[in-house]
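Listed here are the chains, written in short residue letters.
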Amino acid sequence: MHDLIIIGGGPAGVAAGVYAARKRLKTLLVTEEIGGQSVVSDGIENWIGSPKISGVDLAKLFKTHLDAVKGDIVTLAIGERVVSLEKGADGFLVKTKAGKEFAGKAVLIASGAGRRKLGISGADTFENKGVTYCASCDGPLFSGQDVAVIGGGNAGFETALQLLAYAKSVTLIHRHKDFKADPITVEKARAHPNMRIITHAEPIEIMGEQFVIGLKYSDKDSGEIKELAVSGIFAEVGVIPNTEFADGLVEFDAIQRIKVDPHNQRTSVEGIWAAGDATDELYHQNNIAAGDGVKAIEDIYLWIKKN
Ligand SMILES: Cc1cc2nc3c(=O)[nH]c(=O)nc-3n(C[C@H](O)[C@H](O)[C@H](O)COP(=O)(O)OP(=O)(O)OC[C@H]3O[C@@H](n4cnc5c(N)ncnc54)[C@H](O)[C@@H]3O)c2cc1C
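Residues numbered from 1 in each chain as written. Predicted model: local features only at pLDDT ≥ 70, side-chain atom pairs only at ≥ 80, totals over all residues. Heavy atoms only, no water.

Draft legend 1. Region of the structure containing the overall build of the protein. Scanning the protein for helices and strands turns up six helices and 17 strands. Relative to the compact-globule value of 19 Å for 307 residues, the protein shows a C-alpha radius of gyration of 21 Å, a close match. A principal-axis box enclosing the C-alpha atoms of the protein has dimensions of 65 × 40 × 35 Å. When the 307 residues of the protein are sorted by exposure, 51% land in the buried category. Put simply, of all contacts in the protein between residues at least 6 apart along the chain, 58% involve residues at least 24 apart. (Helix = DSSP H or I, 4+ residues; strand = E, 2+ residues; numbered from the N terminus. Rg over C-alpha atoms; globule rule 2.2 N^0.38 Å. Buried < 20%, exposed > 50% of the residue type's maximum accessible area, 1.4 Å probe, protein only. Contact = heavy atoms within 4.5 Å.)

Next comes the structure, spelled out in C-alpha cells:
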C-alpha cells in the first residue's frame, strides 16, 4: 500500500513527485511517459527559469529531477496506462492496461489532456495523408509546400511558427475574430512574410484525392464558401482531458474535466486530488500545472498525517 499514487508524468505529476519525495511520502508515479503535452514543442519560452527550452529537453530535466530526489521513496512506473481507478476498503486501487494493480491511500490525478480531433468531413479519411495533429513530428514533410493551421490558440500559433521554418506559406484559419493566443506569439507570426491569417472562418471540409489538396471553409462575414489550396492541414482545435478512468468516481464538469477546489486541488471524493489540464482549472499552462501539483502535495501531506 503506497501513501500516494500519482497518475501522470507531465509538469503536474512530476512537480508532485518531486515534492512527495521531499516530504517522504511513499509514492508510486504511474505514467505513460515523462514530459507531457509540450514535449512536441520546439521552443517553450515561458517555463520559469529558462528563457527557451525544447519540450524534449524539458522532459529530460523532469526525469533528471525525479531521479535525483526519488531515492527509495518514489517509485516510477513509466510506460503504464491507467485504465481504472476504484475506491477500496482502505484506499484506492489503480489498474493499468498491462494488468498491473496498485493500491494507495491517496491518489493524485495529473493525467492532463490530449488533442481534440477535427470533426469535419474528410478529417478522418485524410488523417496522416495531409491532416496532422503534430507540427514537430510532421512539419518537415511539408517543406516548401503551402499549409494551413486550424486554431487560434497558443498551440495554433506555435504550430504556425514552427511550420514557417519549412513551409512555403502558412495560412492560419480561426473561427472567431479575436485570438486566445498570447499577443506576443500572434505578433511574432504576423510579422513573418509567409504568414497569412484568416479570421471569422469556419472550416467545413478537407478536400483531397489520395492526399489533401485543400480546405473548404465558410467566410462567416459574407457566408461565402471558399477554398484554400494546401497540401498539409495542422489541426490545433483544443484538447480532451484524459479522465476516462475516473468516470463515475469523481465529479466532472460538462467537458469531462475533474472539478477541483482551487485552494487545495481536492476533488469531490475524499482521498483523491487532481492537478493540471485534467481539471476544470481556467488556464492551461506548464507552470500552472506544476503549481497545482505542488499545491496538491502540500494538502495530501497534511491529510496523510491526519489519517
Ligand atoms: C503543442 C503544445 C505546446 C504547448 N506549449 C506550451 C508553452 O509553450 N508553455 C506552456 O506553459 N504551456 C504550453 N502548452 C500547454 C502545456 O503543455 C499544458 O498546460 C501542460 O502540459 C499540462 O500539464 P499536465 O501535467 O496537467 O498534463 P500533460 O502535460 O498532459 O501530462 C499528462 C501526463 O499524464 C500521462 N497520462 C495521460 N493519461 C494517462 C493514463 N491513462 N495513464 C497513465 N498516464 C497517463 C501522460 O503520458 C503525461 O505524462 C502546450 C501544449 C501543447 C499541446
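Structure shown, so let's carry the discussion forward.
Draft legend 2. Fine view of the layout of surface pockets. Volume-wise, the second largest pocket comes out at about 230 Å³. Forming the boundary of the second largest pocket are 13 residues, of which V14, V18, W47, F62 and H65 lie nearest the centre. For the lining of the second largest pocket, the elements supplying multiple residues, two or more each, are α1 (11–22), α2 (55–70) and α6 (286–306). (1 Å grid on protein atoms, 1.4 Å probe; cavity = no way out; pocket = protein on both sides within 12 Å on 5 of 7 lines; lining within 4 Å. Points joined across faces, edges and corners; volume = space filled by probe spheres on them.)

Draft legend 3. Expanded view of the sheet that holds strand β15 (residues 232–235). Read across the sheet, five strands follow the order β8-β15-β9-β10-β11 without closing on themselves; strand pairing throughout is parallel. Both outer strands of the open sheet, β8 (131–132) and β11 (195–198), are each paired with one neighbouring strand and no more. (Pairing = 2+ DSSP bridges.)

Draft legend 4. Representation of the packing of aromatic side chains in the model. Within the structure shown, the criterion is met by four aromatic pairs. Ring centres 5.0 Å apart and planes at 85° place the aromatic pair F157 and F179 in the edge-to-face group. Taken together, the residues F157 in helix α4 (residues 154–163) and F179 in the loop between β10 (169–173) and α5 (183–190) connect sequence positions 22 residues apart. By the burial criterion, F157 is buried, and F179 matches it. Plain terms: the ring middles of W273 and W303 are 5.4 Å apart, the flat faces sit at 75° to each other, and that makes the pair edge-to-face. Here W303 lies in helix α6 and W273 lies in strand β17 (residues 272–274), a separation of 30 residues in the sequence. Side by side, W273 and W303 carry an identical accessibility label, which is buried. Sitting above the plane of the Y301 ring, K23 keeps its charged end 4.8 Å from the centroid. (Phe/Tyr/Trp six-rings, centres within 6.5 Å; stacked < 30°, edge-to-face > 60°. Lys NZ or Arg CZ within 6 Å of the ring centre and 35° of its normal.)

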